[in-house]
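Now for the letters of each chain:
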Amino acid sequence: MSTLDFSAEIRAGLGGELPPPLPPGEENGVSHAPKRRQVLDARGRQLALANALRYLPPAWHAEMAPELAAELERDGRIYMRRLRPRYAMHARPIEQYPARCREAAAIMLMITNNLDPAVAQFPHELYTYGGNGAVFQNWAQYRLTMQYLCELERDQTLVLYSGHPLGVFPSHPDAPRVVVTNGMVIPAFSSGDDYERLNALGVTSYGQMTAGSFMYIGPQGIVHGTTITLMNAGRLYLGTSDGSLRGKLFVTSGLGGMSGAQAKAAVIAGAVGVVAEVDPAATDKRHTQGWVDEVEVDLHALVARIESARALGEAVSIAYQGNVVDLWEHFAEHGVQVDLGSDQTSLHNPFGGGYYPAGLSLEQSERMMAEDPARFRDEVQASLRRHAAAVARLVERGMHFWDYGNAFLLEASRAGAPITRDDGSFIYPSYVEDIMGPICFDHGFGPFRWVCTSGSDDDLRETDRIAAHVLREMAAGAPPETRQQIVDNLKWIEQAEAHQLVVGSRARILYADADGRIAIARAFNDAIAAGTIGAPIVLGRDHHDVSGTDSPYRETANIRDGSNVCADMAVHNVIGDAFRGATWVSLHNGGGVGWGQVINGGFGLVLDGSDDARRRLQQMLHWDVNNGVARRAWAGNDGARFSIAQAMAAEPRLKVTLPEQADERMVRAALAAAYGDDEGTRAS
């Protein structure tokens with residue numbers, strides 16, 4: 001399709017004639033979301049169909065109503081497949097998007113990147129990753145949103161409710177161009193069953209962390225954080241002072257959207273990485289893209305290959321095409337020594353395709369999931385008990401295991417696996433508790449990312465060079481508390497191009513603190529102004545960051561003052577970013593650990609070389625990071641107390657409330673006196 005036709009179709013929105021039905025075979029060769037269970041009664045089905053038809057011109061209703069009703073019966077959801085655009089879905093250079101302002105064009109670029117079949121898990125159902133992380137609920141929402149963005153002026157704001165384009169409202173140039181919410185339901189209606197019903201009705205969606213905010217950049221988006229986690233796990237658990245995992249075995253599961261990064265991260269860290277995956281399409285995709293080096297289907301051959309690679313100190317990633325439970329049990333039974341272990345199946349969605357039970361094929365699981373959901377739930381929970389038992393056997397032999405924030409421990413405990421202590425805490429740590437929290441988040445380091453809207457490899461290469469230059473200068477004067485983090489990130493960015501991390505848009509990710517993010521962004525903006533970078537750059541981050549997410553099972557797992565379940569930080573993050581100059585902001589219920597378990601806040605910021613962009617990046621990025629550092633300092637985290645003190649020394653207008661430390665013996669004594677004996681120290 002020509003650029004003219006592409007632009008014309010975007011401008012048309014839902015105007016013109018009803019597109020013809022999809023030709024036979026049109027959807028072959030693309031991974032599709034599993035059929036969702038039927039959760040609506042007769043009245044709910046009527047409401048879901050009426051809700052979908054309200055997007056369409058009345059002249060289309062007679063033809064489309066039966067088609068959408070059949071979709072609801074077949075898929076458990078209405079995606080409006082016929083309305084999927086016929087143009088190729090991928091990130092184009094920014095000038096090819098028809099828009100009245102560069103910010104709107106950049107947002108369109110990010111949306112199409114999130115739905116690129118090379119990037120998205122189930123692109124035709126508008127799911128980017130995680131099994132249910134949706135960009136939109138249906139293709140009518142996509143078409144209307146893109147049309148609105150074509151027409152958006154710099155003094156207007158587009159409002160999206162769970163993918164639904166509520167409309168364009170007058171605002172002002174410093175306001176966000178787009179404000180996004182996903183899944184923001186009343187807390188009393190935030191159970192998993194509520195989500196299934198509301199999603200089937202077409203009134204709410206699950207934006208995951210970066211799908212529904214248009215900030216997903218493929219598995220590269222998590223590979224750096226995974227690499228840092230593995231390197232620091234080596235330092236913390238195995239005593240590898242340089243972070244290298246040469247000769248060590250790391251075992252995990254999942255080769256989907258986010259989890260697909262694990263294989264590449266293991267190789268970068270120098271390990272033998274084994275990743276189990278039940279879906280052959282996901283395995284083939286990651287192998288074809290070069291994220292996985294080898295694929296093995298035989299467990300005995302796999303063990304032989306592991307031992308050979310380990311003996312040679314070879315860094316290699318191997319996908320085991322099969323169920324992770326079979327993998328763990330085989331290793332336990334055959335005495336395979338595993339050094340590091342984790343899991344990244346999508347257990348935030350355990351009964352909807354995020355986890356497949358051992359003993360059933362993929363096809364059997366998906367059929368049971370839709371036709372006999374109660375039995376499928378029983379099978380998943382039985383498999384989780386086996387999963388946890390096999391892990392426990394390997395831990396007894398010296399493996400270090402952690403929860404990767406995917407709700408594995410939570411769901412295993414709900415299944416009845418013996419993985420909790422008497423006080424209800426888990427026997428294995430979250431990676432945030434031990435590694436990412438104290439080493440990175442408390443000091444303000446998190447997944448800063450950028451996208452070159454030119455689509456140019458030369459521009460991406462120049463951003464790598466600029467970022468490396470900034471980090472070298474920072475490392476030279478860094479205090480001991482943060483120097484290692486900067487050095488690790490410098491090594492990362494210097495090697496990024498060689499690791500061939502790009503899938504989809506020309507994007508990069510780099511863990512940086514507030515000073516690093518501001519300095520790098522400022523240098524990018526100057527380079528755009530000077531013409532050494534040829535087009536605007538979109539800045540963003542994963543919501544999995546210092547300030548962006550409140551999640552007691554992941555991002556706030558190392559906050560121990562009781563506020564780990566409070567969502568003030570994430571909500572304030574979005575509010576503060578919005579009035580400090582973000583191009584778009586997003587707030588989600590849900591994310592990597594599940595609906596109702598987390599609140600995520602995110603942003604996008606367009607740099608165009610202007611003085612306005614320079615002003616916005618300074619004021620917004622400073623808040624976006626230090627909001628979370630201040631909250632972590634108030635919780636009493638030592639690293640955060642150090643880093644927020646550094647921030648206040650550098651910026652006299654910043655004044656943060658710091659905690660006074662209470663003597664624990666004095667606290668206990670006072671409670672004993674008040675309650676009698678030691679009653680005051682016991683939970684009521």
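Since the model is a prediction, treat every value here as computed from it, not as a measurement.

**Q** Mind laying out the overall build of the chain, listing which residues take part and the relevant values?
**A** Summing up its helical and strand segments, the chain has 22 helices and 17 strands in all. Expected size for 684 residues packed as a compact globule is a radius of gyration near 26 Å; at 25 Å, the chain falls within 12% of this value. Based on the C-alpha atoms only, the size of the chain along its principal axes is roughly 75 × 60 × 60 Å. With 684 residues in all, the chain has 60% of them scored as buried.

**Q** Can you explain the side chain of S454? Please cite residues and give values.
**A** With respect to the helices, strands and loops of the structure, S454 is situated in the loop between β12 (446-452) and α16 (457-476). There is a polar contact of 3.1 Å between the side chain of S454 and the backbone nitrogen of S456. Setting aside chain neighbours within four positions, we find S454 in contact with P93, D459 and A535.

**Q** Could you give an account of helix α19 (residues 568-579), naming the residues involved and the relevant values?
**A** Taking 1.5 Å of rise per residue, 12 residues should cover 16 Å, and α19 covers 17 Å from first to last C-alpha, within 8% of that figure. Following α19 by one or two positions, G581 adopts a phi angle in the positive range, close to 120 degrees.

**Q** An account of the packing of helix α7 (residues 220-238) against helix α15 (residues 431-439) is needed here, citing residue identities and associated values.
**A** At a minimum axis separation of 10 Å, α7 and α15 run at an interaxial angle of 105 degrees. The angle between α7 and α15 places the two elements in the roughly perpendicular class. Contact residues: G225, I228, T229, N232, A233, L236 and Y237 in α7; Y431, D434, I435, M436 and I439 in α15.

**Q** Outline the sheet that holds strand β7 (residues 272-277), supporting the account with residue identities and numerical values.
**A** An order of β8-β9-β7-β6-β10-β11 is seen for the 6 strands of this open sheet, with the pairing classed as parallel. Two strands in the sheet have a free side with no partner beyond their single neighbour: β8 (294-296) and β11 (400-401). As paired strands, strand β6 (residues 249-253) and β7 are joined by 5 bridges and run parallel to one another. Looking at β7, one finds that F250 is bridged to G273. The strands touched by helix α10 (residues 299-312) within the sheet are β6, β7, β8 and β9 (316-321), with β9 carrying the most contacts at an inclination of about 170 degrees.

**Q** Quick rundown of a nonpolar patch on the surface? Include the residues and the values.
**A** On the surface, Y161, L166 and F169 cluster together into a nonpolar patch covering about 290 Å² of accessible area. Counting through the fold element by element, Y161 comes out in strand β3 (residues 156-161).

**Q** Outline the environment of V487, supporting the account with residue identities and numerical values.
**A** With respect to the helices and strands, the residue V487 is situated in helix α17 (residues 480-495). Relative accessible area serves as the criterion here: at 29%, V487 is assigned to the partly exposed category.

**Q** How would you explain the pattern of salt bridges if you had to name every residue and give the values?
**A** Evaluation of the coordinates by the stated rule reveals 41 salt bridges. The salt bridge partner of E411 is R414, with a shortest N-O separation of 2.8 Å. Taken together, the residues span about one helical turn, with E411 and R414 both in helix α14 (residues 408-414) at a distance of 3 residues. The class for E411 is buried, based on a relative accessible area of 7%. For R414, a relative accessible area of 46% corresponds to the partly exposed category. A salt bridge links D458 to R461; the nearest nitrogen and oxygen atoms lie 2.8 Å apart. Taken together, the positions of D458 and R461, both in helix α16 and 3 residues apart, correspond to about one turn of that helix. Where salt bridges share partners, they join R74, D75, R81 and E125 into one cluster.

**Q** Quick one: what's the story with the packing of aromatic side chains, residue by residue and with numbers?
**A** Evaluated as defined, the whole model comprises 20 aromatic pairs. Aromatic side chains Y195 and W595 sit 4.9 Å apart centroid to centroid with 45 degrees between the ring planes, which places their arrangement in the tilted category. Remark: W595 occurs in the loop between β16 (584-589) and β17 (599-607) and Y195 occurs in helix α6 (residues 192-201); sequence separation between them is 400 residues. For the pair shown, Y195 and W595 are each scored as buried. Grouped by ring-pair contacts, the aromatic residues Y237, F250, W402, Y404 and Y431 constitute a single cluster. Positioned above the aromatic ring of F6, the side-chain terminus of R92 is 3.9 Å from the ring centre. Over the aromatic face of W291 sits the side chain of K264, whose NZ or CZ is 5.6 Å from the ring centroid.

Parameters and conventions
By convention here, each chain's residues receive numbers from 1 onward along its written sequence. Given that this is a predicted model, residues contribute local features only at a pLDDT of at least 70 and side-chain atom pairs are listed and counted only at 80 or more, while totals for whole chains, interfaces and linings are drawn from all residues. Excluding hydrogens and water, the side-chain values take into account all heavy atoms of the structure. The way it works is that DSSP assigns letters per residue, a run of H or I at least four long becomes a helix, a run of E at least two long becomes a strand, and they are numbered from the N terminus. The quantity called the radius of gyration is restricted to C-alpha atoms. Its globule counterpart is 2.2 Å times the number of residues to the power 0.38. Each residue is assigned to one of three classes by its accessible area relative to the maximum for its type, calculated with a 1.4 Å probe on protein chains only: buried under 20%, partly exposed between the two thresholds, exposed over 50%. Distance and chemistry together define a polar contact, namely a pair of N or O atoms within 3.5 Å, with one atom able to donate a hydrogen and the other to accept it when in protein, and with adjacent residues in sequence counting only for side-chain atoms on both sides. Only heavy atoms matter for contacts: two residues are in contact if any of them lie within 4.5 Å across the pair. In a helix, the anticipated span is given by 1.5 Å times the number of residues less one. Here, axes are lines fitted to C-alpha atoms. For helices the fit covers the stretch in contact, and angles between N-to-C directions go from 0 to 180 degrees. Each angle is binned into one of four classes, with values under 35 degrees roughly parallel, values over 145 roughly antiparallel, values of 65 to 115 roughly perpendicular, and all other values oblique. By definition, two strands form a pair when at least two bridges between them are found by DSSP. For patches, a residue must show more than 30% relative accessible area and have no salt bridge; joins then use 9 Å for like charges and 5 Å for nonpolar side chains, namely Val, Leu, Ile, Met, Phe, Trp and Tyr. For the accessible areas, the method is Shrake-Rupley and the probe is 1.4 Å, while residue cover comes only from the protein chains on display. We count a salt bridge whenever a side-chain nitrogen from Lys or Arg sits within 4 Å of a carboxyl oxygen from Asp or Glu. Stacked, tilted and edge-to-face are the three classes applied to pairs of Phe, Tyr and Trp rings, where Trp contributes its six-membered ring and a pair requires centres within 6.5 Å; stacked means planes under 30 degrees apart, edge-to-face means over 60, and tilted covers the rest. A positively charged side chain is recorded as over a ring if its NZ (Lys) or CZ (Arg) lies within 6 Å of the ring centre. The angle to the ring normal must also be within 35 degrees.

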